[in-house]
Amino acid sequence: MRLDLEQRLREAAPTFLDANKDVPFFERGFEIGDGWFDLLLSALQRIEQLVTVGNLPVRVSQIKTKFDELRFYAKPNYVEPPPGHAEIFDIIRETERRALHTCRDCGVEKARSHNCSRLSNA
Ligand SMILES: [Zn+2]
């Protein structure tokens, strides 16, 4: 992901993205294409709101691409899920689902014939 886009995502969710040193996100950051920027920005803004309002100890763990799909992991640091927990993980699952239909490179909704991923990887 382009550094300026990554920077904007980090600014949208400084608390949630303040990863522990032991998780992949700490070293690797956003391991995704630019096409998912809008999806991630919207998700991170909503998650940051829930995390800061509820003072929830849940932080990013990893955001990557696997088999052309978004894999978005967060790590809760509590035993009993507090209010806001379910919403955060609903947002994450929803974002992964929407990424299935969004080109990771250009961000358009994928039609059957869409093949810009294949072209850009060639
Ligand atoms: Zn595309």
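Computed from a predicted model, the values in this text were never measured in an experiment.

Side note on helix α3 (residues 37-53)
In step 1: Helix length check: α3 (17 residues) gives 24 Å between terminal C-alpha atoms against 24 Å at 1.5 Å per residue, within 8%.
In step 2: Every buried residue of α3 is listed here: L39, L40, A43, L44, I47 and V51. Buried residues of α3, seen end-on, are gathered within an arc of 110° and therefore sit on one face of the element.
In step 3: Of the surrounding elements, those touching the buried residues of α3 are α1 (3-12), β2 (58-66) and α4 (85-100).
In step 4: Taken from the residues just after α3, N55 is the one with a positive phi, measuring 50°.

Topic: the sheet that holds β2
Adjacent strands of a sheet pair through backbone hydrogen bonds, lying either parallel or antiparallel.
In step 1: A sheet is described by the order of its strands in space; here three strands give the open sequence β1-β2-β3, paired in mixed fashion. Only two strands of the sheet have a single neighbouring strand rather than two, namely β1 (30-31) and β3 (69-76).
In step 2: In this structure, β1 lies alongside β2, joined through two bridges in parallel fashion. Within the sheet, the bridge partner assigned to E31 lies in β2 and is K64.

As for the packing of α3 against α4
In step 1: Close contact between α3 and α4 brings their axes to 10 Å; oriented N to C, the two are set at 175°. Taken as axis vectors, α3 and α4 run roughly antiparallel relative to one another. Mapping the contact onto sequence places L39, L40, A43, R46, I47 and L50 in α3 and E87, I88, I91, T95, R98 and A99 in α4.
In step 2: Partitioned by chemical class, the residues of the contact of α3 with α4 number eight nonpolar, one polar and three charged.

With respect to the environment of K21
In step 1: You can see K21 is positioned in the loop between α1 and α2 (24-28).
In step 2: Overall, K21 belongs to the exposed group, with 6 C-beta atoms counted inside 10 Å.
In step 3: Along the sequence, K21 and R46 sit 25 residues apart, while their C-alpha atoms lie 24 Å from each other.

Details of the environment of R2
In step 1: Positionally, R2 belongs in the segment before α1.
In step 2: Between the C-alpha atom of R2 and that of D34, which follows or precedes it by 32 residues, the distance is 6.7 Å.

Thresholds applied
Residues numbered from 1 in each chain as written. Predicted model: local features only at pLDDT ≥ 70, side-chain atom pairs only at ≥ 80, totals over all residues. Helix = DSSP H or I, 4+ residues; strand = E, 2+ residues; numbered from the N terminus. Expected span 1.5 Å × (residues − 1). Buried ≥ 20, exposed ≤ 12 C-beta atoms within 10 Å, placed from the backbone. Arc of directions from axis to C-beta. Contact = placed C-beta atoms within 7 Å. Pairing = 2+ DSSP bridges. Axes fitted to C-alpha atoms, helices over the stretch in contact; angles between N-to-C directions. Parallel < 35°, antiparallel > 145°, perpendicular 65-115°, else oblique. Nonpolar A, V, L, I, M, F, W, Y, C, P; charged D, E, K, R; others polar.

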